[in-house]
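Below, each chain spelled out in residue letters.
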Amino acid sequence: MFEQLVEIFTSVAFYAAVIRLTAPLLLAAMGGLVAERAGIITFGMEGMMLMGAIGGAVGSYYTGSVLGGLAFAMLAGMFLALLYGVMCVSVGANQVVSAVALNLGALGLSSTIFALVFSNRAVGVVTEVVSVPSMQPVKIPLLGDIPILGDILFNQLPLVYLALISVPIVWFVLYRTTIGLKIRSVGEHPHAADTVGISVVRVRYLSVLFTGLMAGLAGALLSIGMLNTFQENMSAGRGFIAYTAIIFGKWEPLGIFLGTLLFGLADAIQLRIQALNLPIPYQFWVAFPYLVTLLALVLFVGKATWPAASGQPFKREGK
Amino acid sequence: MLSTQEVTNRWQIVYRRFLERSFNILIPLGAILAAFLISSTLIIARGANPLTAYAALFAGAFGSTNALANTITRMVPIIMTGLAVTYGYRSGFFNIGAEGQLFMGAMATTWMGITLVGWPAWLLIPASLLAGALAGSLWALIPGYLKARRGFNEVLTTLLLNYITIQLFEFLIRVDHVVGPGATFLSWIGLKDPSQPFPKSAYIAEAARMPSLTSVITWLGGTTEDPALQRFTLAAVIAVLAAVVMYILLFKTTTGYRARAVGVNPRAAQYMGINVMRTTITTALISGALAGMAGSLEIMGFQHRVIQNFLVGAGYDGIPVALIGQLNPLGVLLSALFFGALRAGANRMQIVSGAPVSIIYVIQSLAILFAIAGTVIDLRPRRLKQAEIEEAKRVEAELAAESPSAPAADMLGEEVRHV
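A quick note: this is a predicted structure, and the numbers were derived from the prediction, not measured. (Residues numbered from 1 in each chain as written. Chains lettered and ligands numbered in written order. Predicted model: local features only at pLDDT ≥ 70, side-chain atom pairs only at ≥ 80, totals over all residues. Heavy atoms only, no water.)

Trainee: Would you mind going over the overall build of chain B with me for this structure?
Mentor: Counting its regular elements, chain B contains 17 helices and zero strands. Burial status across chain B gives 55% buried among its 419 residues. A fraction of 73% describes how many contacts in chain B between residues 6 or more apart in sequence connect residues 24 or more apart. If you sum the accessible surface of chain B, you get close to 19300 Å²; carbon and sulfur atoms cover 65% of it. (Helix = DSSP H or I, 4+ residues; strand = E, 2+ residues; numbered from the N terminus. Buried < 20%, exposed > 50% of the residue type's maximum accessible area, 1.4 Å probe, protein only. Contact = heavy atoms within 4.5 Å. Areas by Shrake-Rupley, 256 points an atom, 1.4 Å probe, with all protein chains shown as cover.)

If you want it as structure tokens, here you go:
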């Protein structure tokens, strides 16, 4: 058994799987971070991912190309994000509640669209597995030839690269640009931001739309990246895990990256170890990533400090 | 004797309250109607007739005793989880974990029913229900404690616990349930029926099942042919009673008052001398107990055993049920009826009209969005809003002269006598 464990932890494929399983969470979480810093709770990423997943599958099916799929995925994610923005920013409704409603709606809408597009008209249900054009791994020249590291990091799906480079990009934008300053000020002190002429409404809308775009891509990574079809409720809680990672990482890009990596690692471990037939029931391993996240949260992360205006609708005084 | 002026004033207050109350119902009703209207575009896109689809949906939910039994069966667990979410939410504890607590409750109740087989019904039924409530409570204590003592966001912890609970359940229904000689701790807590290979438990003892309408009719000396009547059980009565009890607890007792005070503004509640930590933990326990009982009632009232995927999503459904019910226990009954009917009628809708079952999720989602938007935007007539502002000013002026604790209570919109 010990040798088998060593074999797992020394195999390149294992670490490549860790990166692959981390990527969708990372994409969504980096998108979510931007809206979170602008004061919007991103509990609705689950639904946006699901919309991205169906958008990717449908777009890829109709246009016959992966790029078309990605475009549809982004639009579908942003569509849900727009609704979410209307609820949070314009209406000023409770954000978590709106998110719960939209997640439910995305579950229904994605399954309905799937049935509309792919089902057998006579029976009314999807009778055969439809496969659509899907992404292929791209080996990066030179970097991909580095022994070990090349196979782990540089022979992945294009969206995986995007997920990885989104970490420094989001960090740079948030902390080194005026846009980032605007976003953070809107999340920390919207009234002050408003006084100096920043449009709180516009910044929040754009931030949420960016979340939708990224979560949509994360969903596409599931449907036309790792598979070549859509499955009902295929996000399976990953949007929630991405949200967890944001809190886990204390709203900092690097922390969030580590949080998603921890989950990806636990996920990769459980996938491999299940096959070993250890005297530990496999249900334990399925629960393992969630257990690790919960324990890490309680033991190491401690109390979270939210962006000051998190979840609060903005209203100009005197209105 | 009251002067004419006073009589007119009283009538105005009664009239205003009536308008206020009817708006509490009108908003969700309007929201539901709008949701049906918008969703019909999806049905048209499918090439089906929305009217046919909705008629089939209605018939599938209320058209026969069997349909009605389906609706009631679907209602019972979501009434309980809806109450769990309502009570938690009112006290600032957003319990996303009702799903996991429900599973814990179902497991505990099943365990009682397959282990204590010799017990008489008058003892086993309450004991099984209590076991479910306790299991749900204890499971909610984890996020409750973490929130109260260490400030952890309960949305996160309850959500993660749900995934863990489901796997615990998946594991235990695969462990043979053996008590007595040769039993180990694992086999003692295991739930699987050893006499068959599938991951499901044995049926619980007859004495652990909720009496049904059929058994009442038989007891009264009558006979009935309709098998659907077996699904009209005491579980439904208990769920309705639970809603009434929760209404009283939330709005007519000190416990409920404290809970709501913490929900509105924990800091203000602290200043008023309410122990916020203890209130949060109590809230978690009560909310968890309700969710646990959702599992108990499902097992004791309808399924009589646990099986893989025996009740998926009823915990999460509690959230929209609570919200459409305007976070009022009695409103939860009505919104559970709406959700239960949608779920019960969905299959018939698909068979008759070809509109996919998943459309009902869209309907639910839109209904919630419209309902919360309607509440926030404040669609009430100007007369009502104006009356509320004047009322608030009057109360404020009155209280300004009184004791220092009064303004805090005023902020919560409550009378001081509760404190």
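Trainee: In this structure, what is going on with the packing of helix α4 (residues 66-91) of chain A against helix α10 (residues 200-226) of chain A? I would like to understand it.
Mentor: How two helices pack is summed up by the angle between their axes together with the distance between the axes. Residues and elements named next belong to chain A. Where α4 meets α10, the closest approach of the two axes is 6 Å, and the angle between their N-to-C directions is 140°. Comparing the axis directions of α4 and α10 gives the class oblique. Where α4 crosses over α10, the handedness of that crossing is right-handed. Among the residues making up the contact of α4 with α10, the classes are represented as 18 nonpolar, six polar and one charged. (Axes fitted to C-alpha atoms, helices over the stretch in contact; angles between N-to-C directions. Parallel < 35°, antiparallel > 145°, perpendicular 65-115°, else oblique. Left-handed = near helix turned anticlockwise from the far one by under 90°. Nonpolar A, V, L, I, M, F, W, Y, C, P; charged D, E, K, R; others polar.)

Trainee: I'm lost on the interface of chain B and chain A in this one. Help?
Mentor: When the parts come together, some accessible area is lost, and that loss is often what is quoted as the size of the interface. In this complex, chain B contributes 40 residues to the contact, which on the side of chain A involves 47 residues. Here chain B meets chain A over a buried area of about 3700 Å², counting both sides, of which 78% is carbon and sulfur. If you sort the residues of chain B by the area they bury against chain A, R46, L156 and L160 of chain B come out on top, with a joint share of 18%. Our enumeration of links across chain B and chain A arrives at zero salt bridges. Where chain B meets chain A, there are five residue pairs in polar contact (both at pLDDT 80 or more). For the side of chain B that touches chain A, the elements supplying multiple residues, two or more each, are α1 (4-45), α5 (121-150), α6 (154-172), α13 (314-324) and α15 (359-377) of chain B. Residues that form the side of chain B that touches chain A fall into these classes: 28 nonpolar, eight polar and four charged. (Buried area = accessible area lost by both parts, 1.4 Å probe. Salt bridge = Lys/Arg side-chain N within 4 Å of Asp/Glu carboxyl O. Polar contact = N/O pair within 3.5 Å; in protein donor to acceptor, adjacent residues only side chain to side chain.)

Trainee: Hey, could you run me through α13 of chain B in this one?
Mentor: Each α-helix turn comprises 3.6 residues. Residues three or four places apart therefore point the same way. Of all eleven residues in α13 of chain B, ten are buried; the element is thus mostly enclosed. Those residues of α13 of chain B not exposed but buried are A314, G315, D317, G318, I319, P320, V321, A322, L323 and I324 of chain B. The inward-facing, buried residues of α13 of chain B contact α5 (95-118) of chain A together with α1, α3 (65-90), α4 (98-115), α14 (329-353) and α15 of chain B. A positive backbone phi angle near 60° is found at Q326 of chain B, which sits one or two residues after α13 of chain B.

Trainee: I keep staring at empty space enclosed by the protein and nothing clicks. Help me out?
Mentor: The method is simple in principle: a probe with the dimensions of a water molecule rolls over the atoms, and the space it marks as empty is what remains. Residue and element names in this part refer to chain A. Here the structure, examined in full by the defined rule, presents two cavities of 30 Å³ or more. The space that makes up the second largest cavity amounts to roughly 40 Å³. Around the second largest cavity, the lining residues are I241, T244, A245, F248, G259, F263 and T293. Here the element with the most residues in the lining of the second largest cavity is helix α11 (residues 238-248); it accounts for four residues. (1 Å grid on protein atoms, 1.4 Å probe; cavity = no way out; pocket = protein on both sides within 12 Å on 5 of 7 lines; lining within 4 Å. Points joined across faces, edges and corners; volume = space filled by probe spheres on them.)

Trainee: Can you walk me through the nonpolar core in this structure?
Mentor: The nonpolar side chains of soluble globular proteins are, as a tendency, buried together. One finds F43 and Y84 of chain A together with M80, L83, F94, L297 and F310 of chain B to be the most contacted residues of the largest nonpolar core, which totals 216 residues. The dominant element in this core, judged by the number of residues it contributes, is α5 of chain A, at 14 residues. Y84 of chain A has contacts with I40, I41, T42, F43, M48, Q95, S98, A99, L102 and V208 of chain A, leaving out every residue within four places of it along the chain. In terms of nonpolar packing, the next biggest core, distinct from the first, is built from 13 residues, I8, V18, L21 and L276 of chain A among them. (Core = buried A, V, L, I, M, F, W, Y, C linked by side-chain atoms within 4.5 Å.)

Trainee: Honestly, the packing of aromatic side chains in this entry has me stumped. Any pointers?
Mentor: Working definition: an aromatic ring pair is given by the centre-to-centre distance plus the angle between the planes. Inspection of the entire model under this criterion finds 25 aromatic pairs over all chains. With a centroid separation of 4.9 Å and an interplanar angle of 75°, the aromatic rings of F103 of chain B and F169 of chain B are classed as edge-to-face. A residue pair is termed long-range when its members are at least 10 positions apart, and F103 of chain B in helix α4 and F169 of chain B in helix α6 qualify at 66 residues. Residues F103 of chain B and F169 of chain B agree in their burial class; the two are buried. Centroid distance F169 of chain B to F310 of chain B: 5.5 Å. Interplanar angle 50°. Geometry classified as tilted. Taken together, the residues span a long stretch of sequence, with F169 of chain B in helix α6 and F310 of chain B in the loop between α12 (276-303) and α13 at a distance of 141 residues. By way of ring pairs, the aromatic residues Y61, Y62, F114, F118 and F230 of chain A are connected into one cluster. (Phe/Tyr/Trp six-rings, centres within 6.5 Å; stacked < 30°, edge-to-face > 60°.)

Trainee: Before we go on, may I ask you to explain the packing of α4 of chain B against α5 of chain B in this structure?
Mentor: All names here are of chain B. Interhelical geometry of α4 versus α5 gives an angle of 145° and a closest axis separation of 7 Å. Taken as a pair, α4 and α5 cross one another with a handedness that is right-handed. Residue-level contacts link G100, Q101, M104, G105, A108, T109 and M112 of α4 to L124, A127, S128, A131, G132, A135, G136, W139 and A140 of α5. When grouped by side-chain class, the residues that make up the contact of α4 with α5 number nine nonpolar, seven polar and no charged.

Trainee: When you look at the side chain of R305 of chain B in this model, what are you seeing that I'm missing?
Mentor: All names here are of chain B. On the secondary structure map, R305 appears in the loop between α12 and α13. At 3.5 Å, the side chain of R305 forms a polar contact with the side chain of Y203. Ignoring sequence-local partners within four residues, the contact set of R305 consists of K200, S201, A202, Y203 and I299.

Trainee: Would you mind showing me how to read the environment of F94 of chain B here?
Mentor: With respect to the helices, strands and loops of the structure, F94 of chain B is situated in the loop between α3 and α4. The class for F94 of chain B is buried, based on a relative accessible area of 8%. Considered as a pair, F94 of chain B and L213 of chain B are 119 residues apart in the sequence and their alpha carbons are 36 Å apart. Each residue touching F94 of chain B, except ones within four places of it in the same chain, is listed here: V96 and V100 of chain A together with V85, Y89, E154, V155, T158 and I319 of chain B.

Note that all results are geometric; they support no functional claim without further evidence.
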